[in-house]
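Read off the chains here:
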Amino acid sequence: MFARAKGKRLLLQPGARVAEAISENAEEAKKFLRRPEIGRWLLRQSGIPVTSSRKAQPGWRTYRVSLYQDHVLGLMRSMEEPQWLLHRLEEPDYQPVALSTFDPEIHVVKSLAARSLYAAGIDAGQVTIVAASPHRLKVVQVDPEWLQQQADGYWQRARDWWESRLRLQPQELARMGADPEFALRRSTGEMALASDYLKVSGKVGCDTTRYREELALHQHPVAELRPDPSEDPDELFFHVLEALQLADKKIGDEKLEWVAGGMPFPGYPIGGHIHFSGITATFSLRRKLDAYLALPLVLIEDSGCKERRERYGYLGDCREKAYGFEYRTLPSWLVHPDVTRGVLHLARLVATSHTQLRAMPHLQLPLIKAYYRGDKEALGSYVQDIWDELRQLPGYLLSRIHLDRYFSYLLAGETWPATDDLRKTWNLS
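Residues numbered from 1 in each chain as written. Predicted model: local features only at pLDDT ≥ 70, side-chain atom pairs only at ≥ 80, totals over all residues. Heavy atoms only, no water.

Colleague: What am I meant to see in the overall build of the chain here?
Modeller: Of the regular secondary structure elements, the chain holds 12 helices and 13 strands. Within the chain, the proportion of its 429 residues that are buried is 58%. The contacts of the chain with a sequence gap of at least 6 include a subset with a gap of at least 24, amounting to 70%. A total accessible area of about 19,300 Å² is found for the chain, and carbon and sulfur atoms account for 48% of it. (Helix = DSSP H or I, 4+ residues; strand = E, 2+ residues; numbered from the N terminus. Buried < 20%, exposed > 50% of the residue type's maximum accessible area, 1.4 Å probe, protein only. Contact = heavy atoms within 4.5 Å. Areas by Shrake-Rupley, 256 points an atom, 1.4 Å probe, with all protein chains shown as cover.)

Right under this line is the structure:
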């Protein structure tokens, strides 16, 4: 089940920490991008707006963004009509744009380019984007090659970027944190607003996203736990439990039920974000988190998780933080304590062992399709394979009881209890 990346070589001396991140694109991913329909499909799966049009509409601007992972190396802009890869037109007039330029549209363009590069399964390349405003952008193409005359300079900038990251962070996991969410359900089945019971800030509070426009600015529907971080996944688990117990006291309404999962109420997605400090969210690490955390979880997810992926939960969704980064792909794993404990132990194992792991589902289109479609049957043998692989890691022994229980749950053919009152599942009342 494991794909082997062909032609992927390290660009620095083996054994150097820099070499862990700086590498060329896998040949399999480059082959995908030689077929524009596959490239567009990969981007659409991640919720990225694309266009197959050969020309930009009047008044739209065209950007060419050269990146290594999410680090922008060069940015060009044209006010003229662009060219499409398969139909060579007259070359438009591209002008360089300073990377430090403060412009909302350019900020969104750079972010969308990085997302596109990741979704396309490559680490380095050029993304062409057309934009009418910061809210109206489309990706035209992702090219896995830079212009030949720029390549040497860009590789050197990529090395410099990674060396600067090493100076800022030791690239050794220090602590983990989390901010899992849940929703409140009335006895009538309707949703209750978390902001009617909780403040915005604190160890237990409200997520400030409102999701639905009919809500007033002070109304926040989703509750969020903010347990203290820890070096130990077991200690973090007990901090989650303490936060749940505190939430029980604060909410104080026995008639309300608490529900988790992916989307307990239509239009209100919830997540189970995990925070990692001391390390950088390289594409390599993100892909291992996707491969060993996100894909296996599909086996027990409820139907709301698939609906959540129409807007959230795309693979590799991370947000950089001063301490490290936040991995945002997962739905809320508060549904059962065995799931919570298993996810936290597995997250630490993957983060500390990711350079030893071999699964690369980003190079296997059927696995990507299975994730976004929630196809449990297609992922069963894959999950068994990665469990067998993980059990060979020395670090697995430290979490064996919880991870054996977790993977057995994944492979049992059951769906997690997303509709059950998690207060009862956690023995809170």
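Let us keep going from here.
Colleague: How do you make sense of the sheet that holds strand β4 (residues 124-133) when you look at a structure like this?
Modeller: The strands that make up a sheet pair up through hydrogen bonds in the backbone, lying either parallel or antiparallel. If you walk across this open sheet you meet the five strands as β3-β2-β1-β4-β5, and the pairing is antiparallel. Each edge of the sheet is formed by a strand with only one pairing partner; in this case those strands are β3 (95-96) and β5 (136-143). Sheet topology places strand β1 (residues 61-68) next to strand β2 (residues 71-78); seven bridges connect them, and they run antiparallel. If you follow Leu67 over to β2, its bridge partner there is Val72. Across the sheet, helix α3 (residues 104-119) touches β1, β2, β4 and β5, and the angle it forms with β4 is around 140°. (Pairing = 2+ DSSP bridges. Axes fitted to C-alpha atoms, helices over the stretch in contact; angles between N-to-C directions.)

Colleague: I'm lost on the nonpolar core in this one. Help?
Modeller: As a rule of thumb, soluble globular proteins bury nonpolar side chains together. Counting residues in hydrophobic clusters, the biggest one holds 91 residues, and the most contacted among them are Phe182, Phe276, Trp333 and Trp416. Residues in contact with Phe276, not counting those within four places in the same chain, are Leu173, Arg175, Met176, Leu289, Tyr323, Gly324, Phe325, Tyr327, Ala347 and Ala351. Val65, Leu112, Ala113 and Leu137 belong to the second-largest nonpolar core, a separate cluster that totals 31 residues. (Core = buried A, V, L, I, M, F, W, Y, C linked by side-chain atoms within 4.5 Å.)

Colleague: Would you mind going over the environment of Ile368 with me for this structure?
Modeller: Within the secondary structure, Ile368 sits in helix α9 (residues 365-373). You can call Ile368 buried: its relative accessible area is 8%.

Colleague: Just to check I follow, could you spell out the pairing of strand β11 (residues 272-277) for this structure?
Modeller: Moving residue by residue along a regular strand, the side chains alternate between the two faces of the sheet. Counted residue by residue, β11 has six buried out of six residues, so it is predominantly covered. Side chains Gly272, Ile274 and Phe276 of β11 all project onto a buried face; the interleaved residues His273, His275 and Ser277 project onto the opposite face, where all are buried too. Taken together, the five bridges between strand β6 (residues 176-185) and β11 define a ladder with antiparallel strand orientation. Residue pairing across strands places Ala178 opposite Ile274, the latter belonging to β11.

Colleague: Can you help me understand the environment of Glu301 in this one?
Modeller: Inspection of the secondary structure puts Glu301 in the loop between α6 (283-297) and α7 (303-308). Given the relative accessible area of 5%, Glu301 is considered buried. On a C-alpha basis, the gap between Glu301 and Gly261 in space is 7.3 Å, while along the polypeptide they are 40 residues apart. Setting aside chain neighbours within four positions, we find Glu301 in contact with Arg309, Pro331, Lys376, Thr415 and Trp416.

Colleague: Explanation requested: helix α5 (residues 233-251) in the structure shown.
Modeller: For the α-helix, the turn length of 3.6 residues means that residues three or four positions removed from each other point alike. The end-to-end C-alpha distance of α5 is 27 Å, a good match for the 27 Å that 19 residues give at a rise of 1.5 Å each. The set of residues buried in α5 consists of Pro233, Asp234, Leu236, Phe237, His239, Val240, Leu241, Ala243, Leu244, Ala247, Asp248 and Ile251. One side-chain oxygen of the residue at the start of α5 lies 3.0 Å from the amide nitrogen of Asp234, identifying that residue as Asp232. At the C-terminal side of α5, Gly252 shows a positive phi close to 60°. (Expected span 1.5 Å × (residues − 1). Polar contact = N/O pair within 3.5 Å; in protein donor to acceptor, adjacent residues only side chain to side chain.)

Colleague: Honestly, the packing of aromatic side chains in this entry has me stumped. Any pointers?
Modeller: All chains considered together, the criterion is met by 13 aromatic pairs. Ring centres of Tyr118 and Phe283 lie 5.0 Å apart, and the angle between their planes is 90°; this geometry places the pair in the edge-to-face category. Of the two residues, Tyr118 is situated in helix α3 and Phe283 in helix α6; the sequence distance between them amounts to 165 residues. The same class applies to Tyr118 and to Phe283, which are both buried. (Phe/Tyr/Trp six-rings, centres within 6.5 Å; stacked < 30°, edge-to-face > 60°.)

Colleague: Looking at this structure, how should I read the pairing of β1?
Modeller: Judged by how many residues are buried, β1 sits mostly within the fold: eight of eight residues are covered. Looking at chain direction, β1 and β4 are connected through eight bridges and run antiparallel. Among the inter-strand pairings, Thr62 is bridged to a residue of β4, identified as Val130. If you look at the hairpin formed by β1 and β2, you'll find two residues sitting between the two strands, and Gln69 has a positive phi there, around 55°.

Colleague: Explain a negative patch on the surface to me, please; I cannot follow it from the model alone.
Modeller: Among the surface-exposed residues, Glu231, Asp232, Glu235 and Glu242 lie close enough to one another that they form a single negatively charged patch. Following the sequence through the fold, Glu235 ends up in helix α5. On the accessibility criterion, Glu235 (39% relative accessible area) is partly exposed. (Patch = residues over 30% accessible without salt bridge, like charges linked within 9 Å, V, L, I, M, F, W, Y side chains within 5 Å. Salt bridge = Lys/Arg side-chain N within 4 Å of Asp/Glu carboxyl O. Lys, Arg positive; Asp, Glu negative; His and termini not counted. Charge placed at Lys NZ, Arg CZ, Asp CG, Glu CD.)

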